[in-house]
Amino acid sequence: MREPETKEQKYLVDSIIADLVLYLVEDDGMTVNSALDTVYNSDYYNLLNNLDTELYLRGSLNNYHYLRRELDYGRP
């Protein structure tokens with residue numbers, strides 16, 4: 001598993017995480033803290049943080065669909 005190595009890679013991952021949190025707040029009415037907890041404790045977070053998956057190169061909405069699938073069905 002390769003984790004973000006450059007500032008650019010870390011920025012892309014962090015930006016997606018911020019968007020995922022906003023989507024959860026808007027769609028599910030979660031608090032920001034609850035949404036952050038949900039994202040960081042998901043299996044999907046580990047996939048997103050693994051550069052080998054290249055998920056950090058996809059748009060935030062696309063990544064949200066993967067997270068949503070895990071939340072709804074139990075797997076990313």
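What you see as residue numbers is a count from 1 along each chain, following the sequence as written. At least 70 in pLDDT is required for a residue's local features to be given in this predicted model, at least 80 for side-chain atom pairs to be given and counted, and no such filter applies to totals for whole chains, interfaces and linings, which use all residues. In computing side-chain properties, one takes all heavy atoms of the structure into account and sets aside hydrogens as well as water.

Student: Honestly, the packing of aromatic side chains in this entry has me stumped. Any pointers?
Tutor: By convention here, two paired aromatic rings are described through the distance between centres and the angle between planes. The rule is short: rings of Phe, Tyr and Trp, with Trp giving its six-membered ring, pair when the centres are within 6.5 Å, and they are stacked under 30 degrees, edge-to-face over 60, tilted in between. The tally for this structure, following the rule as stated, stands at three aromatic pairs. With a centroid separation of 5.0 Å and 75° between ring planes, the pair formed by Y40 and Y45 is classed as edge-to-face. Only protein chains enter the accessibility calculation, which uses a 1.4 Å probe; a residue is then buried when its area is under 20% of its type maximum, exposed when over 50%, and partly exposed in between. The exposure class assigned to Y45 is buried, which follows from its relative accessible area of 17%. A centroid spacing of 5.9 Å and a plane angle of 10° characterise the contact between Y44 and Y66, whose relative ring orientation is stacked. With Y44 in helix α3 (residues 43–48) and Y66 in helix α4 (residues 60–73), this pair connects stretches of sequence that are 22 residues apart. Given a relative accessible area of 1%, Y44 falls into the buried group. On the basis of relative accessibility, which here comes to 22%, the residue Y66 falls in the partly exposed class. Helical segments are the DSSP runs of H or I of at least four residues, strand segments are the runs of E of at least two, and each set is numbered from the N terminus.

Student: Help me out: how do you make sense of the side chain of Q9 in this one?
Tutor: Note on placement: Q9 falls in helix α1 (residues 7–28). For this analysis, residues touch if any pair of their heavy atoms sits within 4.5 Å. The contact partners of Q9, leaving out residues within four places of it in the chain, are P4, L51 and Y56.

Student: Mind showing me how you'd approach the pattern of salt bridges here?
Tutor: Note on pairing: side chains with opposite charge can pair once their charged atoms come close. For salt bridges, the criterion is a side-chain nitrogen of Lys or Arg within 4 Å of an Asp or Glu carboxyl oxygen. For the structure shown, the criterion picks out four salt bridges. In this structure, R2 engages D52 in a salt bridge whose closest nitrogen and oxygen atoms are separated by 2.9 Å. Of this pair, R2 sits in the segment before α1 while D52 sits in the loop between α3 and α4; the two residues are 50 residues apart in sequence, bridging distant segments of the chain. R2 gets classed as partly exposed once you look at its relative accessible area, which sits at 36%. By sharing partners, the salt bridges in this structure join D28, R68 and D72 into a single network.

Student: Sorry, what's going on with the packing of α1 against α4 here?
Tutor: Taken N-terminus to C-terminus, the directions of α1 and α4 make an angle of 60°; their axes are 9 Å apart at the nearest point. It follows from the interaxial angle that α1 and α4 lie oblique. Crossing hand, α1 versus α4: right-handed. Two secondary-structure elements touch here, α1 through S15, I16, D19, L20, Y23, L24, D27 and D28 and α4 through S60, L61, N63, Y64, L67, R68 and L71. Residue classes in the contact of α1 with α4 are distributed as eight nonpolar, three polar and four charged. For helices, the fitted axis covers only the stretch in contact; all axes are lines through C-alpha atoms, and the angles between them, taken along N-to-C directions, range from 0 to 180 degrees. Any angle that falls under 35 degrees is termed roughly parallel, while one over 145 is termed roughly antiparallel, one within 65 to 115 roughly perpendicular, and all others oblique. Should the near helix be turned counterclockwise from the far one by less than a right angle, the crossing is left-handed, whereas a clockwise turn marks it as right-handed. Here the term charged refers only to Asp, Glu, Lys and Arg, the term nonpolar to Ala, Val, Leu, Ile, Met, Phe, Trp, Tyr, Cys and Pro, and the term polar to all other amino acids, Gly among them.

Student: It is not clear to me how the confidence of the model for the chain should be interpreted in this structure. Could you clarify?
Tutor: Parts of the prediction with low pLDDT should not have their coordinates interpreted in detail. Summing up the model confidence of the chain, the mean pLDDT is 93 and the portion of residues at 70 or higher is 99%. The least confident element of the chain is α3, whose mean pLDDT is 94; the most confident is helix α2 (residues 32–40), at 98. Per-residue confidence from the predictor is reported as pLDDT, a score between 0 and 100.

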